[in-house]
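Report on the structure
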Amino acid sequence: MKNKFFTQRVCVCALLATNIAYSHKQRRNEETMIYGVVLAGGVGSRMGNMGKPKQYLLIGDKPILIHTLEKFYMQSEFEKVLVLCPVEWLSHTKNLIRRYIPDKDRIVVLEGGDTRNETIMNAIDYIEQEGNLDQETIIVTHDSVRPFVTQRILEENIRYAKEYGACDTAVAATDTIVCSEDNVVISDIPERRKMYQGQTPQTFQAMKLKELYQALTPAEKELLTDAAKIFVMKGEKVHIVEGEVFNIKITYPYDLRVAEALLKV
């Protein structure tokens, strides 16, 4: 009975891989090249002494990174999924992908940069070296430690980027947001109806993102917290994709417990 179940499971996985490969082949005949870019460069300092970066910690029976990659692997619009990680974790990341992902050839592991945005530039450089970078090329960038991203969010990111050139996933703020210039005294309390909490994916026309980033001064680059701000600083519109409250970023030990609970829902 166990062997029969295992055989059925293998057949289902093989069928899924075949369907995705077929859809992927169809998509390649379209004009726009779309790449998933999973950012796995964090060291997880806020997670405490875990012995490894947080993206490699387990939730359920798999590393967080693998949960995230499975969501990207299911999206047939991606030409490839690029995973960028610290150089010392390249081999480990490749081994995990070989173990858990059926169609590993569609996933490419690359070395990350010194900052988040330099890491994204490494991804764009890879696409350019592949001969696939033009004005229409789209990259869907995502935190490796947001494993609960949905296909609806991915699909809307792709659609909005095609239409507008740049978009960011966000949810309306439910708490009042306060600002402090000196981290001691409140300097402003913005209207909550105007406040959103940023998530990922953030999706862009890759060539335009690279051009805008290269036009920034070193001082401007120091102000960046994410890629969407590059567009905002240069006066470009970034459209909002509605996120989900459960699209959490696993940052602290408490988040691991929340993630374990979400897996059971």
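Coordinates for the structure precede this section.
To keep things clear, this report deals only with the structure shown in the data block. (Residues numbered from 1 in each chain as written. Predicted model: local features only at pLDDT ≥ 70, side-chain atom pairs only at ≥ 80, totals over all residues. Heavy atoms only, no water.)

Digging into the packing of aromatic side chains
Overall, the coordinates contain 4 aromatic pairs when judged by the stated rule. Note on Phe72 and Phe78: the rings are 5.3 Å apart at their centroids and 10° apart in plane angle, and the pair reads as stacked. Accessibility classification places Phe72 together with Phe78 in one group, the buried group. On the basis of an interplanar angle of 15° and a centroid distance of 5.2 Å, the ring pair of Phe204 and Phe231 is categorised as stacked. (Phe/Tyr/Trp six-rings, centres within 6.5 Å; stacked < 30°, edge-to-face > 60°. Buried < 20%, exposed > 50% of the residue type's maximum accessible area, 1.4 Å probe, protein only.)

A word on the side chain of Asn157
With respect to the secondary-structure elements, Asn157 resides in helix H5 (residues 151-164). When sequence neighbours within four positions are dropped, the list of residues in contact with Asn157 reads Cys167, Thr169, Pro201, Gln202, Thr203 and Val241. (Helix = DSSP H or I, 4+ residues; strand = E, 2+ residues; numbered from the N terminus. Contact = heavy atoms within 4.5 Å.)

Some thoughts on unusual backbone geometry
Residues apart from glycine generally show negative phi values, whereas peptide bonds are mostly found in trans. In this structure, Pro201 follows Thr200 across a cis peptide bond, with omega equal to 15°. Mapped onto the elements, Pro201 comes out in strand E8 (residues 196-205). For Asn183, which is not a glycine, the phi torsion comes out positive at approximately 65°. As for its position among the elements, Asn183 is in the loop between strand E7 (166-172) and E8.

Quick look at the pairing of E7
Among the 7 residues that make up E7, 6 are buried, leaving the element largely enclosed by the rest of the structure. Across 6 bridges, E7 lies against E8 in antiparallel orientation. Bridging from a neighbouring strand, Cys167 pairs with Thr203 of E8. Note that E7 and strand E9 (residues 239-242) share 4 bridges and pair parallel. Of the residues in E9, the one forming a bridge with Cys167 is His239. (Pairing = 2+ DSSP bridges.)

Let's talk about a nonpolar patch on the surface
Together, Val178, Ile186 and Ile189 line one region of the surface with nonpolar side chains, adding up to about 270 Å² of accessible area. Along the chain, Val178 turns up in the loop between E7 and E8. Owing to a relative accessible area of 46%, Val178 belongs among the partly exposed residues under this scheme. (Patch = residues over 30% accessible without salt bridge, like charges linked within 9 Å, V, L, I, M, F, W, Y side chains within 5 Å. Areas by Shrake-Rupley, 256 points an atom, 1.4 Å probe, with all protein chains shown as cover. Salt bridge = Lys/Arg side-chain N within 4 Å of Asp/Glu carboxyl O.)

Examining the sheet that holds strand E5 (residues 107-111)
The sheet built from 7 strands is open, its strands ordered E5-E4-E1-E6-E8-E7-E9 with mixed pairing. Only two strands of the sheet have a single partner each, and these edge strands are E5 and E9. Across the sheet, the mean angle separating the axes of adjacent strands is 30° when strand polarity is ignored. Against the sheet, helix H6 (residues 206-214) contacts strand E6 (138-143) and E8, and its axis sits at roughly 105° relative to E8. (Axes fitted to C-alpha atoms, helices over the stretch in contact; angles between N-to-C directions.)

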